[in-house]
Amino acid sequence: AQSVTQPDIHITVSEGASLELRCNYSYGATPYLFWYVQSPGQGLQLLLKYFSGDTLVQGIKGFEAEFKRSQSSFNLRKPSVHWSDAAEYFCAVSGGRPNFGNEKLTFGTGTRLTIIP
Amino acid sequence: KAGVTQTPRYLIKTRGQQVTLSCSPISGHRSVSWYQQTPGQGLQFLFEYFSETQRNKGNFPGRFSGRQFSNSRSEMNVSTLELGDSALYLCASSLEAGGTGELFFGEGSRLTVL
């Protein structure tokens, strides 16, 4: 079964500083990888996704992530954070079609991001 | 277009009662997934429906059930509520079945069991 590990429960960064959120996955084949963001009291919003091809993917709000198969990682980065980026970030993995039974999206436990002025 | 709508947004129940939560997906989306979110367990997959058929189910007891109607609207039901069922229940819709496409989440239904 697939799994996702987000080793950092809480990260604090200064506004304008760079950010990297870590994500490690476990899946036997090529995974489908996602990053979602959840603001307080809101549902989740997709930031970016990786299915195949270029291992560096660009997302919304200036975020990017890099898929590294050798490290089973899919870390999220942003060169300069804004106060509005304060939220909880979730990495997720699925097996994709047609792997029935592995299709469901499995989420990590999340990383809470705090921005200080 | 309108996003995913979940009702009710907040509800309080007592142990032993049952609850039904509703989810209206984005127009045109035929896949609806349900997740339970708690501080201790994070986001746990409950089930996914596509074209009125349950495609996938998570590791939850039989007290948790769901269904999907012909208009893609979905409901989930929890019977014989326990204190541990207190959580935010999130519904998500997508165009495609399975975890291949973007999920669009509602704001959730927050259930408190007393």
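Just above, that's the structure.
Keep in mind that this is a model prediction, so the values were computed, not measured.

*Asks:* So what about the overall build of chain A? Which residues, and what values?
*Replies:* A count of helical and extended segments in chain A gives zero helices and 12 strands. For 117 residues, the compact-globule estimate of 2.2 N^0.38 gives 13 Å, and the C-alpha radius of gyration of chain A, at 14 Å, lies within 12% of that figure. Based on the C-alpha atoms only, the size of chain A along its principal axes is roughly 45 × 30 × 20 Å. Expressed as a percentage of the 117 residues in chain A, the buried residues total 48%.

*Asks:* Account for the sheet that holds strand E7 (residues 64-68) of chain B, with residues named and values stated.
*Replies:* Residue and element names in this part refer to chain B. Taken in spatial order, the four strands make up an open sheet running E1-E3-E8-E7, and their pairing is antiparallel. In the strand order of this sheet, the two ends are held by strand E1 (5-7) and E7, each with one partner. Each adjacent strand pair in this sheet contributes to an overall mean axis angle of 15°, direction not counted. Direction of pairing for E7 relative to strand E8 (residues 74-78): antiparallel, over a ladder of five bridges. For Gln 68, the partnering residue across the bridge sits in E8 and is Ser 74.

*Asks:* Please provide a residue-by-residue account of the layout of surface pockets, values included.
*Replies:* Size it by volume and the largest pocket reaches roughly 450 Å³. When residues of the lining of the largest pocket are traced back to their parent elements, those giving at least two are strand E10 (87-94) of chain A together with strand E4 (31-38) of chain B. Looking at the lining of the largest pocket, the element that brings in the most residues is E10 of chain A, giving three residues. Partitioned by chemical class, the residues of the lining of the largest pocket number six nonpolar, 11 polar and three charged. Approximately 340 Å³ is the volume found for the second largest pocket. For the second largest pocket, the lining is made up of 20 residues, of which Lys 104 and Thr 106 of chain A together with Leu 43, Gln 44 and Phe 45 of chain B are closest to its centre. Looking at the lining of the second largest pocket, the elements with two or more residues in it are strand E11 (106-107) of chain A together with strand E5 (42-50) of chain B.

*Asks:* Would you mind going over the state of the cysteines in detail, with residue names and values included?
*Replies:* Tallied over the full model, the rule gives two disulfides over all chains. Across the disulfide, Cys 23 of chain A is cross-linked to Cys 91 of chain A (sulfur-sulfur distance 2.0 Å). Sign of the S-S torsion, about -65° for the bond between Cys 23 of chain A and Cys 91 of chain A, identifies this disulfide as left-handed. Here the residue Cys 23 of chain A occupies a position in the loop between strand E3 (19-21) and strand E4 (24-26), and Cys 91 of chain A occupies one in strand E10, the gap between them amounting to 68 residues. The side chain of Cys 23 of chain B participates in a disulfide bridge whose partner is Cys 91 of chain B; the two sulfur atoms lie 1.7 Å from each other. Taking the torsion about the sulfur-sulfur bond, which here is approximately -55°, the covalent link between Cys 23 of chain B and Cys 91 of chain B counts as left-handed. Note that Cys 23 of chain B is positioned in strand E3 (residues 19-24) and Cys 91 of chain B in strand E9 (residues 87-94), a separation of 68 residues in sequence. You'll find Cys 23 of chain B and Cys 91 of chain B in the same group, each marked buried.

*Asks:* Describe the nonpolar core, and please don't skip the residues or the numbers.
*Replies:* In this structure, Leu 19, Trp 35, Leu 47, Leu 48, Phe 74, Leu 76 and Tyr 89 of chain A are the most contacted members of the largest nonpolar core, which totals 27 residues. Those elements that provide at least two residues to this core are strand E2 (10-14), E3, strand E5 (32-38), strand E6 (44-50), strand E8 (64-68), strand E9 (73-78), E10 and strand E12 (111-116) of chain A. No other element matches the four residues that E10 of chain A contributes to this core. Excluding residues within four positions of it along the chain, Leu 47 of chain A makes contact with Trp 35, Tyr 36, Val 37, Gly 59, Ile 60, Lys 61, Phe 63, Leu 76 and Tyr 89 of chain A. Core analysis: the next-biggest nonpolar cluster, separate from the first, contains 21 residues, Trp 34, Phe 64, Val 78 and Val 113 of chain B among them.

About the thresholds
- Residues numbered from 1 in each chain as written.
- Chains lettered and ligands numbered in written order.
- Predicted model: local features only at pLDDT ≥ 70, side-chain atom pairs only at ≥ 80, totals over all residues.
- Heavy atoms only, no water.
- Helix = DSSP H or I, 4+ residues; strand = E, 2+ residues; numbered from the N terminus.
- Rg over C-alpha atoms; globule rule 2.2 N^0.38 Å.
- Buried < 20%, exposed > 50% of the residue type's maximum accessible area, 1.4 Å probe, protein only.
- Pairing = 2+ DSSP bridges.
- Axes fitted to C-alpha atoms, helices over the stretch in contact; angles between N-to-C directions.
- 1 Å grid on protein atoms, 1.4 Å probe; cavity = no way out; pocket = protein on both sides within 12 Å on 5 of 7 lines; lining within 4 Å.
- Points joined across faces, edges and corners; volume = space filled by probe spheres on them.
- Nonpolar A, V, L, I, M, F, W, Y, C, P; charged D, E, K, R; others polar.
- Disulfide = S-S within 2.5 Å.
- Core = buried A, V, L, I, M, F, W, Y, C linked by side-chain atoms within 4.5 Å.
- Contact = heavy atoms within 4.5 Å.

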